[in-house]
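Residues per chain are reported as follows:
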Amino acid sequence: MINTPDKDMIVPYVSTSWTLQTLHDTACAEIPEQPGVYFIYIPQGMSIRFQPTADNHHAPFYDVAVLQEKYHNCGHPAVLYIGKASGKKGLRQRLRQYMKYGWNEAVNHKGGRAIWQIEHAERLLLTFEVCPDADAREHQLLKEFRQMYHTLPLANWKT
C-alpha cells in the first residue's frame, strides 16, 4: 500500500493505490477486467509543476498558464482526474491504454492527457472502484465534484 486518499476527498477509501510507473511497468496486471471508475491523485508531499510538453505528441498540449490557473482554482487540488472504463475488458484494458499513452507507446487515450504534462507524473497515484455502470458512475462523481468544489478536477474538462 502506498497511500490512501484523505477522507475529505471524493475518491473512495481504498486500501491499495499504485503509482503510474508501477501500473506501466506491470501492464496493469493487478487491475481487474471489470468496468469501473478510476482516480488519479497526488501523493502526500508532492508538489505540482507543469511542463509545456509531454512524451506523447499525439494530441495538442495545454498551455502551462491554463493548467496552472485550472489547478489553482480546483476545489480539491489532490484529485487530478476521474476516468471511466466501460469497455469489454474493463479497468485493466483502459488503464493499460492510459499508461501506454503516457509513455508514448499508443495514441488511443487522449482523455486526461493533462496528467502527462505534470513533472514526475509517474509518481502520481491511481486507485479505482469497480461498478457495473461506469458511465453513470463517472458522471455522478464529476457532478458531485462540481457541486462540492464548483469546478472539475484538473484533467477533466467536461462532464
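All values derive from a computational prediction rather than experimental measurement.

S.K.: Outline the sheet that holds strand β3 (residues 79–85), listing residues and values.
M.R.: Adjacent strands of a sheet pair through backbone hydrogen bonds, lying either parallel or antiparallel. Ordered in space as β1-β4-β2-β3, the four strands form an open sheet in which the pairing is antiparallel. Edge positions in the open sheet fall to β1 (18–19) and β3, since each of these has one partner strand only. Pairing analysis gives six bridges linking strand β2 (residues 36–41) to strand β4 (residues 125–130), with the strands arranged antiparallel. Bridge pairing in β4 places Gly36 opposite Val130. Contacting β2, β3 and β4, helix α4 (residues 134–149) runs over the sheet at an angle of about 160° to β3.

S.K.: Tell me about the side chain of Glu129, residues and numbers included.
M.R.: The residue Glu129 is located in strand β4 in this model. By relative accessible area, Glu129 is classed as buried at 17%. Here Arg137 takes part through its side chain, which lies 2.6 Å from a polar atom of the side chain of Glu129.

S.K.: If you had to explain unusual backbone geometry to someone new, which residues and values would you point to?
M.R.: Of note in this structure, Ala27 is not a glycine but carries a positive phi near 55°. Within the fold, Ala27 resides in the loop between α1 (20–25) and β2. Even without being a glycine, Cys28 presents a positive backbone phi close to 60°. With respect to the secondary-structure elements, Cys28 resides in the loop between α1 and β2. Judged by its relative accessible area of 0%, Cys28 is buried.

S.K.: Can you tell me about the packing of aromatic side chains, naming the residues and giving the values?
M.R.: Applying the stated criterion across every chain yields a total of nine aromatic pairs. Between the aromatic rings of Tyr38 and Tyr98, the centroid separation amounts to 6.1 Å while the plane-to-plane angle is 50°, which identifies the pairing as tilted. Separated by 60 residues along the polypeptide, Tyr38 in strand β2 and Tyr98 in helix α3 (residues 90–102) bring together distant segments of the chain. Assigned by exposure class, Tyr38 and Tyr98 land together as buried.

S.K.: I'd like a description of the nonpolar core, backed by residues and values.
M.R.: Membership of the largest hydrophobic core comes to 35 residues, with the highest contact counts inside it found for Leu20, Ile115, Trp116, Ile118 and Leu124. Those elements that provide at least two residues to this core are α1, β2, α2 (64–73), β3, α3 and β4. It is α3 that contributes the most residues to this core, five residues altogether. Filtering out sequence-adjacent residues up to four positions away, Trp116 remains in contact with Leu20, Gln51, Ala54, Tyr98, Met99, Tyr101, Gly102, Trp103 and Ala121. Listed in part, the eleven residues of the second largest apolar core include Phe39, Cys131, Ala134 and Leu152.

S.K.: An account of the pairing of β4 is requested, with residue identities and associated values reported.
M.R.: Taking burial as the measure, the six residues of β4 include five buried ones, the bulk of the element. Pairing of β1 with β4, which is carried by two bridges, proceeds in the antiparallel orientation. Counted as the bridge partner of Thr19 is Leu125 from β4.

S.K.: Now, about α3: what can you tell me, with residues and values included?
M.R.: Taking 1.5 Å as the rise per residue, α3 with 13 residues should run 18 Å; its terminal C-alpha atoms sit 19 Å apart, in good agreement. If you check which residues of α3 are buried, you get Gly90, Leu91, Leu95, Gln97, Tyr98, Met99, Tyr101 and Gly102. Where α3 ends, the next residue or the one after it, Asn104, has phi of about 60°, a positive value.

S.K.: Break down a positive patch on the surface for me, citing the residues and quoting the values.
M.R.: Taken together, the side chains of Lys88, Lys89, Arg96 and Lys100 present a region of like positive charge at the surface. Assignment of secondary structure puts Lys89 in the loop between β3 and α3.

What counts and what doesn't
Residues numbered from 1 in each chain as written. Predicted model: local features only at pLDDT ≥ 70, side-chain atom pairs only at ≥ 80, totals over all residues. Heavy atoms only, no water. Pairing = 2+ DSSP bridges. Helix = DSSP H or I, 4+ residues; strand = E, 2+ residues; numbered from the N terminus. Contact = heavy atoms within 4.5 Å. Axes fitted to C-alpha atoms, helices over the stretch in contact; angles between N-to-C directions. Buried < 20%, exposed > 50% of the residue type's maximum accessible area, 1.4 Å probe, protein only. Polar contact = N/O pair within 3.5 Å; in protein donor to acceptor, adjacent residues only side chain to side chain. Phe/Tyr/Trp six-rings, centres within 6.5 Å; stacked < 30°, edge-to-face > 60°. Core = buried A, V, L, I, M, F, W, Y, C linked by side-chain atoms within 4.5 Å. Expected span 1.5 Å × (residues − 1). Patch = residues over 30% accessible without salt bridge, like charges linked within 9 Å, V, L, I, M, F, W, Y side chains within 5 Å. Areas by Shrake-Rupley, 256 points an atom, 1.4 Å probe, with all protein chains shown as cover. Salt bridge = Lys/Arg side-chain N within 4 Å of Asp/Glu carboxyl O. Lys, Arg positive; Asp, Glu negative; His and termini not counted. Charge placed at Lys NZ, Arg CZ, Asp CG, Glu CD.

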